[in-house]
Amino acid sequence: QDTNGDDVNNNNMLERSELQDAIDELPWLARGVLKIIGSVDKIMTKCDADGDDAISIDGDMDATKETCLATCFKRKAFKRAFFPDCDL
């Protein structure tokens, strides 16, 4: 069972394909909110610190906290959309 929102393979990382699939499945209003955050490419550039094409909560999110989702609003929106069961 998926306990990490859109982390389909439950590896505690949001891979590029999982991110794109999750965005594609969002209602149009939520997709509009994500325009504030940016495209999948922009999110990966800002948030994937080690360049492995996946965003990990423990490594990448901490290492890129100044560039990835730099505002509290963006962090909350991203977490709510993609890692709803994760306490950040």
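To be clear, the structure that these remarks concern was listed above.
A.B. asks: Can you walk me through the packing of helix H1 (residues 16–25) against helix H3 (residues 40–47) in this structure?
C.D. replies: Two measures define how a pair of helices packs: the angle their axes make with one another and the distance between the axes. Here H1 crosses H3 at 140°, and the two axes come no closer than 10 Å. In terms of orientation, H1 and H3 fall into the oblique class. Crossing hand, H1 versus H3: right-handed. Here H1 contributes Arg16, Leu19, Gln20 and Ile23 to the contact with H3, which in turn contributes Val40, Asp41, Ile43 and Met44. Its residues placed into classes, the contact of H1 with H3 shows five nonpolar, one polar and two charged.

A.B. asks: Just to check I follow, could you spell out unusual backbone geometry for this structure?
C.D. replies: A negative phi holds for most residues other than glycine; trans holds for most peptide bonds. Despite not being glycine, Asp53 shows a phi value in the positive range, around 65°. When you line up the elements, Asp53 lands in the loop between H3 and strand E2 (54–56). Overall, the relative accessible area of 36% leaves Asp53 in the partly exposed class.

Cut-offs used in this document
Residues numbered from 1 in each chain as written. Predicted model: local features only at pLDDT ≥ 70, side-chain atom pairs only at ≥ 80, totals over all residues. Heavy atoms only, no water. Axes fitted to C-alpha atoms, helices over the stretch in contact; angles between N-to-C directions. Helix = DSSP H or I, 4+ residues; strand = E, 2+ residues; numbered from the N terminus. Parallel < 35°, antiparallel > 145°, perpendicular 65-115°, else oblique. Left-handed = near helix turned anticlockwise from the far one by under 90°. Contact = heavy atoms within 4.5 Å. Nonpolar A, V, L, I, M, F, W, Y, C, P; charged D, E, K, R; others polar. Buried < 20%, exposed > 50% of the residue type's maximum accessible area, 1.4 Å probe, protein only.

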